[in-house]
Amino acid sequence: MLQDIEPYLACPHCARPLTLDGRTLRCPAGHSHDVAKQGYASLLPGDAHTGTGDTADMVAARSDFLAAGHYRPIADALAEAAAAAGPEGLVADLGAGTGHYLAHVLDALPGRPGAALDISKYALRRAAKAHPRIGAVVCDAWRPLPLLDACAGLVLNVFAPRNGPELRRVLRPGGTLLLVAPTARHLRELVGALGLLSVDEEKQRRIDEKLGPHLTPAGRREVEFTLRLSAEDVRTVVGMGPSAWHTDPARLAERLAALPEPVEVTASVTVAAYRR
């Protein structure tokens, strides 16, 4: 609910605190932002563009795939790490999508409010209903986040953009960023067979270098397991990720038909902690 995260929200125009007045968020400078009937609020500046956000089809695919439990080990590892992190306060998920992972973490952290931050309104329509303590906000990860300074005890970032300076700004001293990123082995059986985007072997090193000036590494674990996917599952996992922007549907259908069913696929990610 937006009421739960209202004390942590900042105006995207002047960075002053926002107050919820009925179905409108207002700041002392007179800027106002309406709450959509689906329960989320848009805190994008007027010149923002949402063309990079997940489409309705991508969001539907992600919702179906995650609801089927395929990535449950990732959600469990994230919740376990969150339960061991501190301090108290807001849990913000940058690039929250449908709110699936944030909801799982909030189940492990009773009483903590959660802010689902994403640029896709289609995703946030679902995130706003994913958990009773989630408030959903449209924003751009590469702009100043609509959160007050040092307001979050924990920030999640799962397969999402990483803005180091803003992540540091919104974290409390001693606060933790939990970052989930794919390894080069993630979905490797599908990458070659279907012509999908691959993950750079140096991805984790590049993440550490980008975050290094802002946050301190505080531990990392690898989560790797095998999925048994039907042809429809494979179509769904392709449609929910970045390869959806680059895949020709006709060519994909042809390649899908050549796969065994079910097909065994490796899921492989790192769950890394960084501390302010």
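Residues numbered from 1 in each chain as written. Predicted model: local features only at pLDDT ≥ 70, side-chain atom pairs only at ≥ 80, totals over all residues. Heavy atoms only, no water.

Considering helix H9 (residues 231-240)
Okay, so step 1: When H9 is considered as a whole, its buried residues turn out to be Asp-233, Val-234, Thr-236, Val-237, Val-238 and Met-240.
Okay, so step 2: For H9, the secondary structure elements touched by its buried residues are helix H2 (56-67), helix H7 (188-194), strand E10 (216-229), helix H10 (249-257) and strand E11 (263-275). (Buried < 20%, exposed > 50% of the residue type's maximum accessible area, 1.4 Å probe, protein only. Helix = DSSP H or I, 4+ residues; strand = E, 2+ residues; numbered from the N terminus. Contact = heavy atoms within 4.5 Å.)

Looking at the sheet that holds E11
Okay, so step 1: The strand order across the open sheet formed by eight strands is E4-E7-E6-E5-E8-E9-E11-E10, and the pairing between neighbours is mixed. Two strands lie at the open edges of the sheet, namely strand E4 (41-42) and E10, each paired on one side alone.
Okay, so step 2: Pairing between strand E8 (residues 152-158) and strand E9 (residues 171-182): six bridges, direction parallel. Residue pairing across strands places Leu-156 opposite Leu-178, the latter belonging to E9. (Pairing = 2+ DSSP bridges.)

Focus on the pairing of E8
Okay, so step 1: Here E8 lies mainly inside the structure; seven of its seven residues are buried.
Okay, so step 2: On the question of chirality, the crossover connecting E8 to the parallel E9 by way of helix H6 (residues 164-170) is right-handed. (Right-handed = clockwise from strand over helix to strand, strands pointing away.)

So, the UniProt feature "domain: 23S rRNA (guanine(745)-N(1))-methyltransferase N-terminal" (unreviewed entry) in the protein chain
Okay, so step 1: Look at the UniProt record and you will see "domain: 23S rRNA (guanine(745)-N(1))-methyltransferase N-terminal" (unreviewed entry) annotated at residues 10-45.
Okay, so step 2: The span residues 10-45 is 0% helical and 31% strand by assignment, and the distance between its end C-alpha atoms comes to 12 Å. (UniProt positions renumbered as here; feature names shortened; annotations may be inferred.)

A closer look at the environment of Ser-268
Okay, so step 1: With respect to the element layout, Ser-268 can be found in strand E11.
Okay, so step 2: When the C-alpha positions of Ser-268 and Ile-74 are compared, they lie 9.1 Å apart, and in sequence the two are 194 residues distant.
Okay, so step 3: In this structure Ser-268 touches Pro-182, Thr-183, Arg-185, His-186, Val-223 and Glu-224, once residues within four positions along its chain are discounted.
Okay, so step 4: Separated by 2.6 Å, the side chains of Ser-268 and Thr-183 make a polar contact. (Polar contact = N/O pair within 3.5 Å; in protein donor to acceptor, adjacent residues only side chain to side chain.)

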